[in-house]
Amino acid sequence: MPPWVRRELSGWARYPVEACHEFRPERRGAVAEILASGGQSSYIARGLGRSYGDCALNRGAGVVNLTRLDRFLNFDEDTGEVRCEAGVSFEALLQTCLPRGWFPPVTPGTKFVTVGGAIANDIHGKNHHADGTFGAAVNEMTLLTPNGERVVCGPQRNADLFWATVGGAGLTGFILDARFRMLKVETAYLKADHLRVKGLAEAMRAMLDSDAGYRYSVAWIDGLARGKSLGRSVLMRANHARLSDLPSGTPNPLWPPPRGRCGVPFKLPSLTLNRWSVRAFNTLYYATHGDAAGKLVDFDAYFYPLDSIAHWYRLYGRRGFVQFQVSFPAASAEAGLAEVLEKLSASGRASFLAVLKRFGAANAGWLSFPSPGFTLALDLPMRDGLPRLLGELESRVLAHGGRIYAAKDALTTADAFRAMYPELGRFRALRAELDPRGLLSSSLARRLGLARAGAEAFA
Amino acid sequence: MSGLRQGAGRSALIFGATSPVARALAREFARCGYELFLAGRAGEDLEAVASDLRIRHRVSAHACPLDALAFETHAAFFEAVAARTGESLYVAVFCIGSMSDQKAAERDWDAARAMLDTNYTAAVSLLERTAAYFEPRKRGVIGVVGSVAGDRGRQSNYLYGSAKAGLAAYAQGLRNRLWRSGVQVTTIKPGFLDTRMTWGKPGLFGVATPERAAEGIFAALAAGRDVAYVPGFWRGIMLLIGAVPERVFKRLKL
Ligand SMILES: Cc1cc2nc3c(=O)[nH]c(=O)nc-3n(C[C@H](O)[C@H](O)[C@H](O)COP(=O)(O)OP(=O)(O)OC[C@H]3O[C@@H](n4cnc5c(N)ncnc54)[C@H](O)[C@@H]3O)c2cc1C
Ligand SMILES: NC(=O)c1ccc[n+]([C@@H]2O[C@H](COP(=O)([O-])OP(=O)(O)OC[C@H]3O[C@@H](n4cnc5c(N)ncnc54)[C@H](OP(=O)(O)O)[C@@H]3O)[C@@H](O)[C@H]2O)c1
């Protein structure tokens, strides 16, 4: 019987925390052995645990940590196509490929995620309006399905299984390896423009008008500003710097020199997060991030400002926090976002990070989150009353035709999720066929009703 | 001492290359520019370990299929490797090991024997050939990964431990023999390492990551140590454990 360890696991937000039975295979064949051993009622894959909520948790049952299966299998330096095992981290991708001129096609705000996690949540980056999701860059992957078979799938081959797996939260099988396209770059730097805008409507308009000129675009929002200042934000947009953009004599254009703490673009307050400290911080941040054009920033500082502060989630204290990420179609976005911001602002719940981003076209992922429009993400410390507030928000989100990102979520209800993801029925039907015994499940799957088709109870 | 950090033009042979500890050690050698010969059971994992080293470190890395228990193949295996390395072979590290269930092995001689053979007999068979390569060339470094479990027999894993004890005595003798030829033999005694060997086992403490273990192993080899505990604090722990009188020790449930 493959050994497991009983562990209190959680996502990045430390809410919820659940006792799970963790396996950690170190050989490819061991994954199938775990699945076949039948020792647990169900199993779910886990990468680096950077999802916020419960998608990589399985209370009282099997969690299969795949981070030891992290070997590069092929890298074509001419075309930039990588084939690697699912446990390879973005950090390793960067270390291996960036010095040779290739950058991840899509990257989240931390480099401590795995390729498997990136596919299973079909992650998006600041370049969604230009490049789509990570799943869109995947040519093929090897999936270990619940019956222990290895199936190769891609947009051209077993396409249904592929698009169910892209964004499928690990519920179609274990991704063993994937083949995907990296992005050609000349340098490890970005050329960034900052623009302060006074309110939500201005930020959205600026994005619609001029995002086309930037591969990366995101707006940092002061979540506490109210009234006329609601949605006050700094637009941060950038392109990969060309070789000719760098000062001559830059020692290694494709790898920045190691940086100390001073390289962090802003100092984090070491005070506790409450409405006053966050308000002070946000005001300061807004005031100090003046308009700037053509600023050269290295990739680490631009994409991963929080990675240099290990365990920053601890800032939120022991009860953890939740992240709330919502998206609205373009037509209802302004009203929807305004209402969400208004409600949060009125509740005085400090949000340290509030980020607005425009989404481009959706891909074919059945449960893929991004769809054309705007998305807002913010952190909320776990306090009494938060679930109720989020419950209220959920109904407002639905009213405006919006949806919530499962990778960040811990509180959405199954009814709401069904309304947000029209392809859910299809997903469940595929699962019923692929996994009739329900070998794959997770706490998220049970909460959101992803696990089984039909009217069965989700225990 | 041995100038181990100079890897250009040299190759390293790693037995048991699919182990996470061996993988991390191979990366230490790759960073120094060694060409890598990776011995292990044939299969996709061995191939993956080789491609990973090639891609991450841009070194040549070759998968060299080997079953440690197929003794009759060892001569041909080593000849084939030596033919490929030519004169470049400079380091060989033995990381093969197996710790199956002690209780099961007490009842099942085949299981006990496989464990003894994997940890001890196979090491002798493969390292004798390695020694025969280095001895006349009057150079080379041999690393032998044993275990703190070989320092004192305990009811919970004395079959594994006794093989590792035999391995340590073997390495000691080999070191004595090869000293005259300027060939270094280093015995490595790891404590608990965070791999499948310990995953899910009770009573662990001071567990080291494979990366930390590999750093310790590499440093011990580079410093020309005879015997090294990895991480170093295990020397003190084993000193204490060794100091318990046998008439007391035999009563303990360890
Ligand atoms: C600071 C920070 C910033 C972030 N920024 C963004 C962002 O900008 N955009 C964005 O989209 N996300 C973002 N995220 C979320 C993160 O990118 C996703 O949650 C990602 O899925 C995490 O990957 P992981 O390896 O940690 O996977 P985990 O969190 O461990 O698992 C995530 C899901 O993937 C499944 N899974 C993992 N590996 C496999 C596998 N091999 N086979 C099958 N299923 C698997 C799990 O079952 C689970 O459902 C951010 C997270 C943090 C902490
Ligand atoms: N983990 C610990 O706490 C610990 C403590 C002290 C010492 N050690 C020693 O450290 C070394 C590495 O162990 P580990 O923890 O990394 O565990 P591991 O992954 O199980 O390593 C054992 C290695 O031996 C190989 N092997 C086993 N039988 C073989 C055979 N018949 N033919 C060829 N290769 C064979 C395995 O190859 P396959 O991949 O083909 O199975 C694997 O590469 C071992 O010598 C072990 O005894 C470990």
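From a predicted model like this one, the values you see are computed outputs, not experimental measurements.

Please explain the pairing of strand β6 (residues 184–190) of chain B as it appears in this structure.
The two faces of the sheet receive side chains in turn, since in a regular strand these alternate between them. Residue and element names in this part refer to chain B. Most of β6 sits out of view: 7 of its 7 residues are buried. Of the two faces of β6, the one lined by Q184, T186, I188 and P190 and the one lined by V185, T187 and K189 are each fully buried. Handedness of the strand β5 (residues 141–145)-helix α6 (residues 158–179)-β6 crossover: right-handed. Across 4 bridges, the pairing between β6 and strand β7 (residues 227–230) is parallel. Directly across from T187, in β7, lies its bridge partner V227. Viewed along the sheet, the connection from β6 through helix α7 (residues 210–222) into β7 turns out left-handed.

Got a minute to help me understand the packing of helix α1 (residues 20–31) of chain B against helix α2 (residues 44–57) of chain B in this structure?
Helix-helix packing: each pair is described by the crossing angle between the helix axes and the interaxial distance. Residues and elements named next belong to chain B. Running from N to C, α1 and α2 cross one another at 35 degrees; their axes reach a closest spacing of 11 Å. At the point where α1 passes α2, the crossing takes the right-handed sense. Taking contact as the criterion, the partners of R23, A26, R27, A30 and R31 in α1 are, on α2, V49, D52, L53, R56 and H57. By residue class, the composition of the contact of α1 with α2 is 4 nonpolar, 1 polar and 5 charged.

Explain the pairing of strand β16 (residues 321–328) of chain A here, please?
Residue and element names in this part refer to chain A. Burial analysis of β16 places 8 of its 8 residues in the buried class, the great majority of the element. Pairing analysis gives 8 bridges linking β16 to strand β18 (residues 373–381), with the strands arranged antiparallel. Bridging from a neighbouring strand, F321 pairs with P381 of β18. Judged from the 2 bridges that link them, β16 and strand β19 (residues 403–404) form a sheet pairing that is antiparallel. When the sheet's bridge partners are listed, S327 is paired in β19 with R403.

How should I be thinking about the site of ligand 2 in this particular structure?
R27(A), T18(B), S19(B), Y160(B) and T195(B) are the nearest of the 28 residues found near ligand 2. Mapping the residues adjacent to ligand 2 onto the chains of the assembly identifies chains A and B. Within the contact set of ligand 2, an oxygen atom lies 2.5 Å away from a side-chain nitrogen or oxygen of T18(B). Between K164(B) and ligand 2, the recorded distance is 3.0 Å, taken from a side-chain N or O atom to an oxygen atom.

Can you walk me through the interface of chain B and chain A in this structure?
Frequently, the measure chosen for interface size is the accessible area removed from exposure when the parts meet. Facing the 19 residues of chain B at the interface are 23 residues of chain A. When chain B packs against chain A, the two sides together hide about 2000 Å² of surface, and 46% of this comes from carbon and sulfur. The largest share of the area that chain B buries against chain A comes from I55(B), R56(B) and W199(B), three residues that together contribute 37% of it. Our enumeration of links across chain B and chain A arrives at 8 salt bridges. Viewed at the interface, chain A and chain B are joined by 15 residue pairs in polar contact (both at pLDDT 80 or more). Mapped by element, the contributors of at least two residues to the side of chain B that touches chain A are α1 and α2 of chain B. Take the side of chain B that touches chain A: its biggest share by element is 8 residues, from α2(B). Tallied by class, residues from the side of chain B that touches chain A come to 6 nonpolar, 5 polar and 8 charged.

Even after reading the chapter, I still don't get the pattern of salt bridges, so can you show me in this structure?
Where charged atoms from two side chains of opposite charge come close, those side chains can pair. Evaluated as defined, the whole model comprises 48 salt bridges over all chains. Between E85(A) and R71(A) there is a salt bridge whose closest N-O contact spans 2.7 Å. Residue E85(A) is found in strand β6 (residues 81–85), and its partner R71(A) is found in the loop between β4 (62–65) and β5 (72–76); the two are separated by 14 residues along the sequence. E85(A) gets classed as buried once you look at its relative accessible area, which sits at 0%. Its relative accessible area of 1% is what places R71(A) among the buried residues. Ionic pairing is found between R150(A) and E44(B), a salt bridge with its closest N-O pair at 2.7 Å. Of this pair, R150(A) sits in strand β9 (residues 150–153) while E44(B) sits in helix α2, which puts the two residues in different chains. The exposure class assigned to R150(A) is partly exposed, which follows from its relative accessible area of 38%.

Please explain the site of ligand 1 as it appears in this structure.
Residues and elements named next belong to chain A. In the vicinity of ligand 1, 34 residues are found, and the nearest of them are A45, R50, S51, T114 and H124. Between ligand 1 and the protein, one listed contact pairs an oxygen atom with a backbone N or O atom of G49 at 2.9 Å. Contact between ligand 1 and G109: a nitrogen atom at 3.0 Å from a main-chain N or O atom of the residue. For ligand 1, whose free accessible area comes to 960 Å², the fraction covered by protein is 95%. Listing elements by their share of the shell around ligand 1, those giving two or more residues are β3 (43–46), α3 (115–120) and β10 (174–181). Across the shell around ligand 1, the residue classes break down as 19 nonpolar, 12 polar and 3 charged.

Hey, could you run me through the sheet that holds strand β2 (residues 17–23) of chain A in this one?
Residue and element names in this part refer to chain A. With mixed pairing, the 4 strands of this open sheet are ordered in space as β1-β2-β4-β3. The open sheet terminates on both sides in strands that have one partner only, identified here as β1 (5–10) and β3. This sheet shows a mean twist of 45 degrees between the axes of neighbouring strands, independent of strand direction. Where β3 lies against β4, 4 bridges are found, and the strand directions are parallel. Among the inter-strand pairings, I44 is bridged to a residue of β4, identified as V63.

Before we go on, may I ask you to explain the environment of V185(A) in this structure?
Residue and element names in this part refer to chain A. Among the structural elements, V185 can be located in the loop between β11 (183–184) and β12 (189–197). Here V185 falls in the buried class, since its relative accessible area comes to 5%. Excluding its chain neighbours within four sequence positions, the residues that come into contact with V185 are L98, G101, W102, F103, H240 and L254.

Looking at this structure, how should I read the nonpolar core?
Among the nonpolar cores identified, the biggest contains 93 residues, and L93(A), V115(A), F134(A), F180(A), F324(A), L356(A) and L450(A) are the most heavily contacted of them. In terms of residues, this core owes the most to one element, helix α9 (residues 330–347) of chain A, which gives 6 residues. Beyond its immediate chain neighbours, meaning those up to four positions away, L450(A) contacts L171(A), L367(A), F417(A), L424(A), F427(A), R428(A), R431(A), L444(A) and A445(A). Within the second largest apolar cluster, 40 residues are counted, among which are V49(B), I217(B), F218(B) and A220(B).

About the cut-offs
- Residues numbered from 1 in each chain as written.
- Chains lettered and ligands numbered in written order.
- Predicted model: local features only at pLDDT ≥ 70, side-chain atom pairs only at ≥ 80, totals over all residues.
- Heavy atoms only, no water.
- Buried < 20%, exposed > 50% of the residue type's maximum accessible area, 1.4 Å probe, protein only.
- Helix = DSSP H or I, 4+ residues; strand = E, 2+ residues; numbered from the N terminus.
- Right-handed = clockwise from strand over helix to strand, strands pointing away.
- Pairing = 2+ DSSP bridges.
- Axes fitted to C-alpha atoms, helices over the stretch in contact; angles between N-to-C directions.
- Left-handed = near helix turned anticlockwise from the far one by under 90°.
- Contact = heavy atoms within 4.5 Å.
- Nonpolar A, V, L, I, M, F, W, Y, C, P; charged D, E, K, R; others polar.
- Near = heavy atom within 4 Å.
- Polar contact = N/O pair within 3.5 Å; in protein donor to acceptor, adjacent residues only side chain to side chain.
- Buried area = accessible area lost by both parts, 1.4 Å probe.
- Salt bridge = Lys/Arg side-chain N within 4 Å of Asp/Glu carboxyl O.
- Areas by Shrake-Rupley, 256 points an atom, 1.4 Å probe, with all protein chains shown as cover.
- Core = buried A, V, L, I, M, F, W, Y, C linked by side-chain atoms within 4.5 Å.

Just geometry here; none of it tells us what the structure is for.
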